[in-house]
Amino acid sequence: MTVADGTPLVEMQHINVAFGGVHAVQNVTVDLRPGEVVGLVGGNGAGKTTLIRCLSGAHPADSGQILIDGQPVSIANPRDAKALGIETIYQTLALAENIDASANVFLGRELTSRFGDLDDAAMESATRRVMGRLNPNFKNFKTPVVSLSGGQRQAIAIGRAVHFNARILIMDEPTAALGPAETAQVRDLIKQLKSEGIGIFLISHDIHDVFDLADRISVMLHGKLVGTVNKSDVTTDEVLAMIIMGKMPEEVTQKDLAMLHE
Amino acid sequence: MTNVADAPPVHVQTQPPSRRSMSGLIAQTEVDLRLFGMLVALAVILLAFDILSGGQMISPTNMVTLSVQATGIAIIATGMVLVIVSRNIDLSVGSLVGFVAMSYALLMTDWFPNILHLPADFPLTWAIALAIGIAIGAAFGAVQGFIIAYVGVPSFIVTLGGLLTIRGLVWYLSQGAAVSGLDPTFQLIGGGAAGSMGATLTWGVGVVGCLAVVAFLFSARRQRRRFGFPIRPMWAETVIGGVGCLAILGLAAFANANYWPKGLADRYAADHGIAVPAGGLQISTGFPYPIMILIGVTIVMSWIAKRRRFGRYVYAYGGNPDAALLAGINTRWTIMKTYVVMGILCALAAAIAAARLNGSTLDVGQSYELYVIAAAVVGGTSFAGGTGSIAGAVVGAFVMQSIAYGLSFNGVNSPGQNVVAGIVLILAVGFDAWNRRRSRSS
């Protein structure tokens, strides 16, 4: 697949994040176009989540620049990110487990009446619509999230991101807690969102997930970007070599590939 | 994306609970079982002490006195719920009550007449004093809340410091002296025969309360119908409305069966030229004003907790601080506000305490923090954060006060009352922990 021309939706340029003396992310540059899925892969501690937290406002970058539609933006907190149309599904789901599904979906963006009172019925109604789409079996709208299954919680986290008409979606291990049927549902959803012109950063351990869904793949190792490749130009083995050895496909020897399979 | 939000509404009808079993019947009324259980426990405690005292304890006079004694703790406990739900603590409430109570006393005995030269009949003296007291309470709350939320010092330490510092400041306010002689209108805040509403207003409040219950049920039903959600069966609505109205009117009748003390009634009769009938003039006290303040505080705090963004954020933060932050909530401001609310509630409780004493001493509000925390915890607030109800804390305050009152009525001295109160607190939390474990494993 060839990369489309035009202004990218998101450009993250020369991003650095350090925790104390540890450089979690070093000089990483990635971009994302409308209707594109970019897979962000790497081993544990490669810096994928830290990089993406800069975009979602959870942890501002120490240095570097973020451009949305070619314009430099400042994302200091999650509110800034949401105002720019960036929604995030965190690996931890980030749900308040003591409140119900609609309270979580609308957390921080509650619907209110004229007098500023919470309009719980309107929020529940909207939540029923979104959840009816994501997980038709979901019926526990009045119970705290703590008593729900992993798949149901995941559906709430996804519903929250989807409901607010995101332009940019960040999914951190969206299928890690799911069974096969639910995973298939999430894959369908990603394909559908992509067809609607939304740009998606997909973080995953699962190389097959990424190969199935992503248009391009950015690989990180030890906080640095190994490189970004078009999915159609590479094999899974070549991506594995990038993840494990930090070598681009043109640098990989037959011996390296053989070692991967030992 | 739009088509996800615009997808046709899915009518997911939750299965109504079975009508066969007793628990199914209760489930259909959607009554807060925990609160209901606590009210039953409260009734059992009162009845047990009544029996121990040979049927002497439960009388309108005793119950009104008990209720007025519980108001200060109950009012502050509603705020302590928000503080504990958001994983903090406030140990400074007792000292703050002492400081604000002393401020009221000094304002009305010294600062208004001697510094501002206000005449004794200056209008609304009581309201001006109350407003200043509330501002003082809010200011102390804001300072402590700021240090906790923005500087990041643990709330236990900040409010422990507050407990010592503010209590020390009370001494500096009055140079160690007790101060008395408040504005006569201000004294009505403390209750007593004069500080009560009288029979007619009490019935009026009862009727308004009934109308409010019906209106509340009706609007909740209409709201759910608007979106086609399952609604309670009509019989359940009727039962809830009926029980609610009966309880309110019953309390009004009970309070109206409490009469002015004989001496006061005789003096009133003499002043107004009323012939005293055989058996004495009987003037109903009705609801005391402090109880009305408590009812108002409970309604407003429940509304804040359940119907306002601030309350939602407090609970969300208590459930998962990271989630609240990642959802874009200004969590620091939310935490700071819980302490401002606490300060305001302390000022209200201080007004009741000062009005009852007709002044203030150095130790007003001493160890309130312990009773307030006990009330909140007995009322179902969990130190793990995220759970707790305003109404529960109010009932918790009444449970603690009933135990203290009942023991004292049956001749147990104050150290003995403390022993029992401490054991009850531990039992209540132990029961809660056991109950949670059981419900999780089932």
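My aim in this report is to walk through the structure given alongside it, one point at a time. Because the structure is predicted, anything quoted here is derived from the model rather than measured. Residue numbering note: each chain is counted from 1, following its sequence as written. Each chain takes a letter, starting from A, and each ligand takes a number, starting from 1, following the order in which they are written. Per-residue local features are limited, in this predicted model, to residues with pLDDT of at least 70; the limit for side-chain atom pairs, both in listing and counting, is 80 or more; totals at the level of whole chains, interfaces and linings are taken over all residues.

Right, let's talk about the overall build of chain B for a bit. A tally of regular secondary structure across chain B gives 18 helices and two strands. Considered along the principal axes of its C-alpha atoms, chain B spans approximately 75 × 60 × 45 Å. Pairs at least 24 apart in sequence give 79% of the contacts found in chain B among residues at least 6 apart. Strands here mean DSSP runs of E at least two residues long; helices mean DSSP runs of H or I at least four residues long; both are numbered from the N terminus. Contact criterion: two residues are in contact if their C-beta atoms, reconstructed from the backbone, are within 7 Å.

The next thing to look at is the interface of chain B and chain A. Opposite the 32 residues of chain B that make contact, chain A presents 35 residues. Elements that contribute at least two residues to the side of chain B that touches chain A include exactly helix H1 (2–5), helix H9 (199–226), helix H13 (309–319) and helix H14 (321–326) of chain B. Ranked by the residues each element gives to the side of chain B that touches chain A, the list is headed by H13(B), at six residues. The nonpolar class holds Ala, Val, Leu, Ile, Met, Phe, Trp, Tyr, Cys and Pro. Asp, Glu, Lys and Arg form the charged class, and all remaining residues, Gly among them, are polar. Classifying every residue of the side of chain B that touches chain A by side-chain character gives 16 nonpolar, nine polar and seven charged.

Moving on, we get to the sheet that holds strand S1 (residues 10–19) of chain A. Residues and elements named next belong to chain A. The strand order across the open sheet built from four strands is S2-S1-S4-S5, with neighbouring strands paired in antiparallel fashion. Among the strands making up the open sheet, the edge pair consists of strand S2 (22–32) and strand S5 (71–73). Strand-to-strand twist in this sheet, taken as the mean axis angle between neighbours without regard to direction, amounts to 30°. Here an axis means a line fitted to C-alpha atoms, over the contact stretch when the element is a helix, while the angle between two N-to-C directions is reported on a 0 to 180 degree scale. Along the sheet face, helix H1 (residues 48–56) touches S1, S2 and strand S4 (63–68) and points at about 115° away from the line of S1. By the convention used here, strands pair only if DSSP detects at least 2 bridges between them.

This part takes up the sheet that holds strand S3 (residues 37–41) of chain A. Residue and element names in this part refer to chain A. Here six strands make up an open sheet; going across it, the order is S6-S7-S8-S3-S9-S10 and the pairing mixed. In the strand order of this sheet, the two ends are held by strand S6 (86–89) and strand S10 (224–230), each with one partner. In this sheet, adjacent strand axes meet at a mean angle of 15° when their direction is disregarded. In this structure, S6 lies alongside strand S7 (residues 168–172), joined through four bridges in parallel fashion. Bridge pairing in S7 places Thr88 opposite Ile170. Of the strands in this sheet, S3, S6, S7, strand S8 (199–203) and strand S9 (216–221) touch H1, which is tilted by about 150° from S7. The sheet contacts of helix H5 (residues 150–163) involve S6 and S7, and relative to S6 the element is tilted by about 175°.

Residue and element names in this part refer to chain B. Here, expected helix span is obtained from the residue count minus one, scaled by 1.5 Å. When the terminal C-alpha atoms of H9 are compared, their 41 Å separation across 28 residues agrees well with the 40 Å that a helix rising 1.5 Å per residue should span. Of the residues making up H9, those classed as buried are Thr202, Val205 and Gly206. Among the residues trailing H9, Gly228 stands out with phi positive, at a value near 70°. Residues with at least 20 neighbouring C-beta atoms inside 10 Å of their own are called buried, those with 12 or fewer are called exposed, and the rest are partly exposed, where every C-beta is derived from the backbone.

Negative phi values dominate among residues other than glycine, just as trans dominates among peptide bonds. A positive phi angle, close to 50°, is found at His222(A), a residue other than glycine. Among the secondary structure elements, His222(A) is positioned in the loop between S9 and S10. On the basis of neighbour count, His222(A) is assigned to the partly exposed category, with 14 C-beta atoms found within 10 Å. Notably, Gln175(B) is not glycine yet its phi reads approximately 50°, a positive angle. With respect to the element layout, Gln175(B) can be found in the loop between helix H7 (155–174) and strand S1 (179–180).

This part covers the pairing of S8(A). Residues and elements named next belong to chain A. In terms of residue burial, S8 counts as a mostly covered element, since five of its five residues are buried. With four bridges joining them, S3 and S8 adopt parallel strand pairing. If you follow Val38 over to S8, its bridge partner there is Phe201. Summarising the sheet, S7 and S8 pair through five bridges and their orientation is parallel. Along S8, the bridge assignment pairs Ile170 with Phe201.

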